[in-house]
Structure formats: C-alpha cells, structure tokens
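Next come the chains, spelled out residue by residue.
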Amino acid sequence: MSGRAVMSGRAVMSGRAVMPGRAVMSGAVKSRLQHEAGAALLMVVGVGLVLVLMVATAMTFSVSGHVKSVSDENWNAAMAAAYAGIEDYESRIADDSAYVRFGDATAAFSTGSTLTLPTGSAVNPAFGSGAAGAWGGIIGSTATFRYEIDNTQYATNGVVRIRSTGRAGTQTRSVVANLEQKGFIDYLYFTDYEIMDPALTGVDVATCVKYSWAGRPAPSGSFNCGEVAFGNSDVIDGPTHSNDTLRVCDAIFKSRVSTGFNPATGDRYKKQRSDGSSCGGQNFLAGSPVYSPVVAMPATNSVMKREVRSDLSTDVPHPGCLYTGPTSIVLNSSGSMTVRSPWTKKTNVAGDPATSGTTPAACGVPGTGSGGLGSALGATVPVLEANLVYVQNVPTVTTDPNYWAALTQPSTFTASTCTTGNGLGFPMAGEYVASISTSFGCRNGDVFTKGNLKGTMTVASENFLYVTGDIRYVNAATDMLGLVGQNAVWIWNPVAASGGGSYSNLLSNDRHIDAALLSVAHTVQVQNSNVAGGQGDLTLNGALAQKFRGSVGTSSGVGYSKDYHYDDRFLYTAPPKFLSPVATTYGVGLLVEVRSAFLATGVAAP
C-alpha cells in the first residue's frame, strides 16, 4: 500500500509503530498534557503543604493552650496553697499562743526576730528553706507551702507577721499577713449580760436573760432582774466591753470602753444604779463608751477537755493532765504545784467518751500512797509548762476509766466525809454554807487554787473554780495563768454566822490575783459579797470574762472594792490553750500578695 507494508498485528503511522490498545497523539497534544500534569502536581504538593501547616498550627495551638491551662491552674493553686499556709500557722498559734517563738531565724523575712526551730515530734515542715528543705503538705492536693515568721512587733503591739509561699507545679506565689489575737482577753473586763447569775437570784430566765437594749425589763419597784452597776469607787484600768447596757455610777474607767448598746442618740451607757435610780460620778478617761458588736461566748468549756486525751497525737502532741472530782492545786514559787485529787484514777484518757486511760508521771501518781494524788499531802509535780489542767466531775458511765460506783469512795474518806464537806477541807471550820452539796459537792469537778506561779499554765473545771487565796506571779514578765470555770469562778470569801442574821469575815482583808479569769456559763463573783463587813480591795492583774455580772461588793462597803489592771501581754498572747470566743483566736489584720519568696525548686527567688 503506497510503498508501506502492513506488519502483522501492527499499523505504522508516521514512521512509528502503534502498539495495540493505544492511540497515537501529536507532539503538540503531548506537550500540553505534560505541562498540565506538572501544574497539577504542584497544586497537589501545595495543598498538601497547606494542610500540613494547618494541622501543625492546630496542634501547636492545642498544646500551647493545654500548657497555658495547666499553668493557670497551677498559678491559682499556688495562691490557694499560700492561703493554706496562713491558715495552718493561724491554727497553730490559736492552739498555743507561745508558738510565735518558732521559725527559721535565718530567713530574710525574719531578720531581727527571736526564733528557734521546733524539734522532735513538734517539727514543722513548713519552716523549710532551700532546695533540700521541706514544704508543708495539703491533704488531697499536690500543692505545698512554706512560711517565714517576723515576731519583731509581737511584744509591742501584739502583731505577728507571716510570709507564706504556695507551690503548685512550677508556679510559686507569696502573701504576707499580719495576725492579731482576738479573744476575751482583749479586755480587762468582759461581760455578756449585765445582771447577776439567775442561778443565784432565781429570776425568770425567759424574762431576764436578754440584753437590756433587746427588751429586758428595767428595774421597777420590787422587780429587778439582778442588775449590777459599776460604782463604789471602782477603778477599771484596762479595756472594757459588755454585750449589754452598762450601768455606771462613781467609777473610773482608765481605758477604752465598748458596748453592744447602740442608741440612735445619747450616751451608750446608763447613769443609773442597780435599782434604776439616777446617779453621778462617772469618769471615762479614754472617752465615752463606743459601740462594738456582740462577742459570742461558747456554750461550754468542754472543748478544753480534749487537751488531756492521749489518742490525738496529731492534734494534741503533748496532753495536759486530767483530774477527777474536787481537786486542790497549790502553786509553789519553785515552779512546782501540789495537787490533791482523791477521786482521780487516770490522768490521761482515750476516746470520747473515754474508754481507757493512762497515768503519766508528769501528772502525779493516783492513789493514797505516799506522795500520791489521794494522799493527805498530795503529789508535788512540776507546773505543766505551756499546757492545761482539766478537772472533771466524777463520771457516772461505767466504761469510763475514772468511774466510781455510787456507794464507793476513796479509802481515806469516812462515812461522814461527803456529808460535811468535799474531803479537801472545804468548807473550813466554822464557815457558814447554805448547802454543802451545792457549794462543795463531794463528786463535783471543782478546783481550789492559790499560791505563787512560776511558769505558764491554764486550769479549767467542769463545775466551779475557787480562788482560795492570793495568786501571784513569781516573774510578772514571763509567768502566765488562765483560770476557766464552766460554772462560777468563786473568789472564796468564807463567813461565820453570828446569829440573828449577822455574819463575820473569816479571812483577812484584801485579795490579789494575777490571772485571766473566765466563767463560760455563769459568773466570776466574790462569795458572800453582800454580808459581813468590808474586805478591802480585790486587786486583779490580768483579765476577767463572764456570762453574767458577778457581785464583788455593795455600795454600803460590804465585800470588796474593785482594783482591776489589765495585763498588757494579753494584747499579743494568751495563757496556754485558753478558751476562745465563738471565733478564731487570731484574726488577719492585713493580707497582701508580694513577689514570690521561693522558686519551685525551693531556692530563694532572685
């Protein structure tokens, strides 16, 4: 065909063989297709790169967001941990006001402070410093805290400063707080109700146990809820507060006076005697009384009993001493105390209610053996330095380790002991007592104390607490005593009945007490304050707090005149384990965030 041969199975076009199943394209078409194929490849590669960049960007954003989220979470957790450090330290000084002596004296924040690190079981990891130092932990959290203490202002104005650093992950934050003590002993004289104890006067509780400004009936004719006025040349040399309305006559207040009575106009006190009649002679050297909110009192002092339990090693690492039944405590100037407590079997207990007990040597040996708590001379042991004594009623629960059956009594007692007194010499010979069982019950948790204290201690009773003589500090700069009665705190003032309704005093004139006195449910009062003759001055160097006003003397000169002076140390410290109002013992006066004191590694921040 036209000089071209046809090959078997193939056709020849333009000098090229055509393979089966393929078409033969022109050179122009092929060139165009090759060009478009290259462009498509570039587009595919380009789109792929864009997708890769988008994925990478999304991943980067996600990861950075996660990192930021964790960082923010740690940032907030570090601040929460710093606050937890403040609260931890606050709880420690609330339990032991002397805790302000502890801290790391080498810390920059503590420059000028007098501090020492606690040792033994009292070691506190929150005082750690440096990369190898410890941190305090928080239950249920991985966050930790440290704090540093500045007590340079503590002795002068009652403020302890703390810098607390919280740590969470790689984040640390620090806050500085000023802690100021809050409590009954902010005042030389504190009263909830300005009436005598209804348990003593027999007035109707529903009618009379309310503040005067809240509707308590005013004295009128023969009706009186037991109002008590300041007068009889009383001198109150310290801050005073009453939740009620004060009645003031010829009395001198040398320091600030505050009250829950807040009328729209006029004086925040009444110029009235106890019977409601008008009077004069008021003298407020620091200015007229000012308004201050009600300070709530706890219902009981039973929380103090917790301090004598041996099964609370974390919260109570050093238990105090528990005594049972009437207990005499004579304070000796050598730094010891002589304790007589015939009913006591165990001086530490475990459980609430108690189911077992122990007899640590520091509390004395129970029983009637020589030098025992139940012996005629009692047991002489060191004062419980920075600790507490609690005296309870004889338990009636058979499982209590200090239980006594109803018809049993200490072996040194006779059949008539409990019908004529309490086995400790009260009442004294010739003393007039309306009711032995009421005043000196043989199984009551009563304390009878006097003497010269060398050390720091608090004594609390489940029933009455009697001050049976002078109580003086050996060293007024370092010694400190708290006396807390669940019921009345009595200034023992025995009288003898002379017949015909007349009485004579059995003690010499004047009484001196160095202590903080507190009656939770009743009153601080002089026994027989309205009978017999004048007893001179009742000098108190310390503080006094009570639910109801206690009578000390009368306007006719019977009993004592008040000569009260505030122990200025109570501005910044308290007797050990002293009872607080229904509020924290220490309050935060200032709280600010500052530059972090530590890096997460534990080293000081640059």
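Residues numbered from 1 in each chain as written. Predicted model: local features only at pLDDT ≥ 70, side-chain atom pairs only at ≥ 80, totals over all residues. Heavy atoms only, no water.

Colleague: Mind showing me how you'd approach the overall build of the chain here?
Modeller: Across its full length, the chain carries six helices and 31 strands. Burial statistics for the chain: of 606 residues in total, 48% are counted as buried. Within the chain, contacts between residues at least 6 apart in sequence are counted, and of these 66% link residues at least 24 apart. Accessible surface computed for the chain: about 27600 Å², of which carbon and sulfur atoms make up 57%. (Helix = DSSP H or I, 4+ residues; strand = E, 2+ residues; numbered from the N terminus. Buried < 20%, exposed > 50% of the residue type's maximum accessible area, 1.4 Å probe, protein only. Contact = heavy atoms within 4.5 Å. Areas by Shrake-Rupley, 256 points an atom, 1.4 Å probe, with all protein chains shown as cover.)

Colleague: Hey, could you run me through the state of the cysteines in this one?
Modeller: A covalent bond between the sulfur atoms of two cysteines is what we call a disulfide. Inspection of the entire model under this criterion finds four disulfides. Across a sulfur-sulfur distance of 2.0 Å, Cys 208 and Cys 225 are joined as a disulfide pair. Taking the sign of the torsion about the S-S bond as the criterion, the disulfide between Cys 208 and Cys 225, at about -70°, is left-handed. On the criterion of sequence distance, the pair formed by Cys 208 in helix α4 (residues 205–208) and Cys 225 in the loop between α4 and β8 (234–237) is long-range, its members being 17 residues apart. Judged by its relative accessible area of 1%, Cys 225 falls in the buried class. Taking only the cysteines that form disulfides and numbering them from first to last, the chain has the pattern 1-2, 3-4, 5-6, 7-8. (Disulfide = S-S within 2.5 Å.)

Colleague: Help me out: how do you make sense of a nonpolar patch on the surface in this one?
Modeller: On the surface, Tyr 83, Val 588 and Leu 591 cluster together to form a nonpolar patch covering roughly 250 Å² of accessible area. Residue class for Tyr 83 comes out partly exposed when judged on its relative accessible area of 38%. (Patch = residues over 30% accessible without salt bridge, like charges linked within 9 Å, V, L, I, M, F, W, Y side chains within 5 Å. Salt bridge = Lys/Arg side-chain N within 4 Å of Asp/Glu carboxyl O.)

Colleague: Would you mind showing me how to read the pairing of strand β22 (residues 456–461) here?
Modeller: Successive side chains on a regular strand alternate, one facing one side of the sheet and the next facing the other. Buried residues dominate β22, accounting for six of its six residues. Covered by surrounding structure in β22 are Thr 456, Thr 458 and Ala 460 together with Met 457, Val 459 and Ser 461, the residues of both alternating faces. With five bridges joining them, strand β20 (residues 387–392) and β22 adopt parallel strand pairing. Its bridge partner being in β22, Asn 387 is matched across the sheet by Met 457. Bridge count for β22 against strand β24 (residues 480–485) is six bridges, and the pairing is parallel. Among the inter-strand pairings, Ala 460 is bridged to a residue of β24, identified as Val 484. (Pairing = 2+ DSSP bridges.)

Colleague: Got a minute to help me understand the confidence of the model for the chain in this structure?
Modeller: Interpreting fine coordinate detail is not advised for predicted regions of low pLDDT. Averaged over every residue, the pLDDT of the chain is 88; the share at 70 or more is 86%. Segment residues 1–24 is flagged for pLDDT under 50; beyond a separation of four residues in sequence, or across chains, it makes 10 contacts in the model. (pLDDT = per-residue confidence, 0-100.)

Colleague: Any chance you could explain the side chain of His 241 here in plain terms?
Modeller: Within the secondary structure, His 241 is located in strand β9 (residues 240–242). Residue class for His 241 comes out buried when judged on its relative accessible area of 0%. Side chain to side chain, His 241 and Ser 258 meet in a polar contact 2.8 Å long. When sequence neighbours within four positions are dropped, the list of residues in contact with His 241 reads Tyr 187, Tyr 189, Phe 190, Thr 191, Ser 258, Thr 259, Gly 260, Ser 292, Pro 293 and Val 295. (Polar contact = N/O pair within 3.5 Å; in protein donor to acceptor, adjacent residues only side chain to side chain.)

Colleague: Teacher, can you tell me more about unusual backbone geometry here?
Modeller: Comment: phi is negative for the bulk of residues other than glycine, and the bulk of peptide bonds are trans. The linkage connecting Asp 352 with the following residue, Pro 353, adopts the cis geometry, with an omega of 5°. Take Pro 353: it is sitting in the loop between β17 (348–350) and β18 (356–358). Omega for the bond connecting Phe 426 with Pro 427 falls within 30 degrees of zero, at 0°, which places this linkage in the cis form. The topology assignment puts Pro 427 in the loop between α5 (417–420) and α6 (436–439). Its identity as a non-glycine residue notwithstanding, Ala 386 has a phi of 55°, on the positive side. Mapped onto the fold, Ala 386 is located in the loop between β19 (379–382) and β20. The exposure class of Ala 386 is partly exposed, given its relative accessible area of 25%. In this structure, Ala 532 is a non-glycine residue whose phi angle is positive, near 65°. Along the chain, the position of Ala 532 falls in the loop between β28 (511–526) and β29 (534–548).

Colleague: Explanation requested: the pattern of salt bridges in the structure shown.
Modeller: A side chain of one charge can pair with a side chain of the opposite charge if their charged atoms are brought near each other. Inspection of every chain in the model, using the stated rule, returns 14 salt bridges. With a closest N to O distance of 3.1 Å, Lys 577 and Glu 307 form a salt bridge. Of this pair, Lys 577 sits in the loop between β30 (559–566) and β31 (586–594) while Glu 307 is found in the loop between β13 (290–291) and β14 (321–324), placing the two residues 270 residues apart along the sequence. Linked through salt bridges whose partners overlap, the residues forming this network are Arg 216, Glu 227, Asp 244 and Arg 247.

Colleague: Is there a simple way to explain the environment of Asp 446 in this structure?
Modeller: Examined against the element boundaries, Asp 446 turns out to sit in the loop between α6 and β21 (447–453). Taking the C-alpha atoms as reference points, Asp 446 and Asn 487, separated by 41 residues in sequence, lie 9.5 Å from one another. Once residues within four sequence positions are removed from consideration, Asp 446 is found in contact with Gly 325, Pro 326, Thr 327, Val 391, Ser 439, Gly 441, Asn 463, Phe 464 and Tyr 466.

Colleague: Mind showing me how you'd approach the environment of Gln 272 here?
Modeller: Topologically, Gln 272 is positioned in the loop between β11 (257–259) and β12 (283–284). Residue Gln 272 is classed as partly exposed on the basis of its relative accessible area of 24%. As a C-alpha pair, Gln 272 and Phe 230 span 42 residues in sequence and 9.2 Å in three-dimensional space. In contact with Gln 272, not counting residues within four places along its chain, are Ala 229, Arg 247, Val 248, Cys 249, Ser 277 and Cys 279. A polar atom in the side chain of Gln 272 sits 2.2 Å from the side chain of Arg 247.

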